[in-house]
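This is what each chain is made of:
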Amino acid sequence: MSGIIYKILKRIRFIKGGNDVQDIVSTFGEFGNTVRVRMPTVIYNPEKMTVGNQVDIGEFCHIRAGGKLKIGSRVLIASHVVITSQGHPLELPRWGITKEDEVIIGNDVWVGARAVILPGVKIGDGSVIAAGSVVTKDVPEYVVVAGIPSKIIQKVGH
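Small disclaimer: the values here were computed from a predicted structure and weren't measured.

Novice: Describe the packing of aromatic side chains, with residues and values.
Specialist: Summed over all chains, the structure comprises zero aromatic pairs. Positioned above the aromatic ring of Y44, the side-chain terminus of R64 is 4.2 Å from the ring centre.

Structure, rendered in structure tokens:
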């Protein structure tokens, strides 16, 4: 494990007061049954997260929940995913200034590896975010989105 990741992991564990994943999960604002976070994963402001039942967050994910993050139930988040509810304004000055906008991930969503979900996005129930996609706008229910920026490529049966 690289030195910087180890230091970040130790910092999260130190701040949260524990040495295992359940200690980190217990810092979430609200969380359901069977929530798994595979380490190493970096989560800022976990107290502003609401996480449903049967949620799996893969290793090497980077989550910034300062603007609030809601994750539904039966959600799969693959490795190396970035979810952020915080960004910077386009207008100057930008340094030291953040804008916050809630991210909502519905039920039965699958987020593929290395996807990026940006502030203010709502992902509808049953949708799939293809690997490597950058989600900049809301995603309707029961669709697959892919690309940069992501676009609907097909519907999902339900």
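Novice: For the sheet that holds strand β16 (residues 128-129), give the residues involved together with the corresponding values.
Specialist: The strand order β2-β5-β8-β13-β16-β18-β19 describes an open sheet built from seven strands, whose pairing is mixed. The sheet is open, and its two borders are formed by β2 (35-37) and β19 (151-155), each paired with just one other strand. Pairing between strand β18 (residues 143-146) and β19: four bridges, direction antiparallel. Looking at β19, one finds that V145 is bridged to I152.

Novice: Give me the pattern of salt bridges: which residues, what numbers.
Specialist: Counting across every chain of the model gives four salt bridges. When the shortest N-O distance is used, the salt bridge between D56 and R36 registers 3.3 Å. Placement of D56 in strand β5 (residues 55-57) and of R36 in strand β2 is noted, with a sequence separation of 20 residues between them. The shortest N-O distance in the salt bridge between E102 and K70 comes to 3.7 Å. Linking E102 in the loop between β11 (99-100) and β12 (103-105) with K70 in strand β7 (residues 69-71), this pair joins segments that are 32 residues apart in sequence. On the accessibility criterion, E102 (25% relative accessible area) is partly exposed. Via salt bridges that share partners, R36, R38 and D56 belong to a single interconnected network.

Novice: Before we move on, can you summarise the sheet that holds strand β14 (residues 116-117) with the specific residues and values?
Specialist: The strand order β3-β6-β9-β14-β17 describes an open sheet built from five strands, whose pairing is parallel. Edge positions in the sheet fall to β3 (42-44) and β17 (134-135), since each has one partner strand and no second. Strand direction decides the pairing type here: β3 and strand β6 (residues 62-64), joined by three bridges, are parallel. Following the sheet pairing, Y44 is matched in β6 by R64.

Procedures and definitions
- Residues numbered from 1 in each chain as written.
- Predicted model: local features only at pLDDT ≥ 70, side-chain atom pairs only at ≥ 80, totals over all residues.
- Heavy atoms only, no water.
- Phe/Tyr/Trp six-rings, centres within 6.5 Å; stacked < 30°, edge-to-face > 60°.
- Lys NZ or Arg CZ within 6 Å of the ring centre and 35° of its normal.
- Pairing = 2+ DSSP bridges.
- Helix = DSSP H or I, 4+ residues; strand = E, 2+ residues; numbered from the N terminus.
- Salt bridge = Lys/Arg side-chain N within 4 Å of Asp/Glu carboxyl O.
- Buried < 20%, exposed > 50% of the residue type's maximum accessible area, 1.4 Å probe, protein only.

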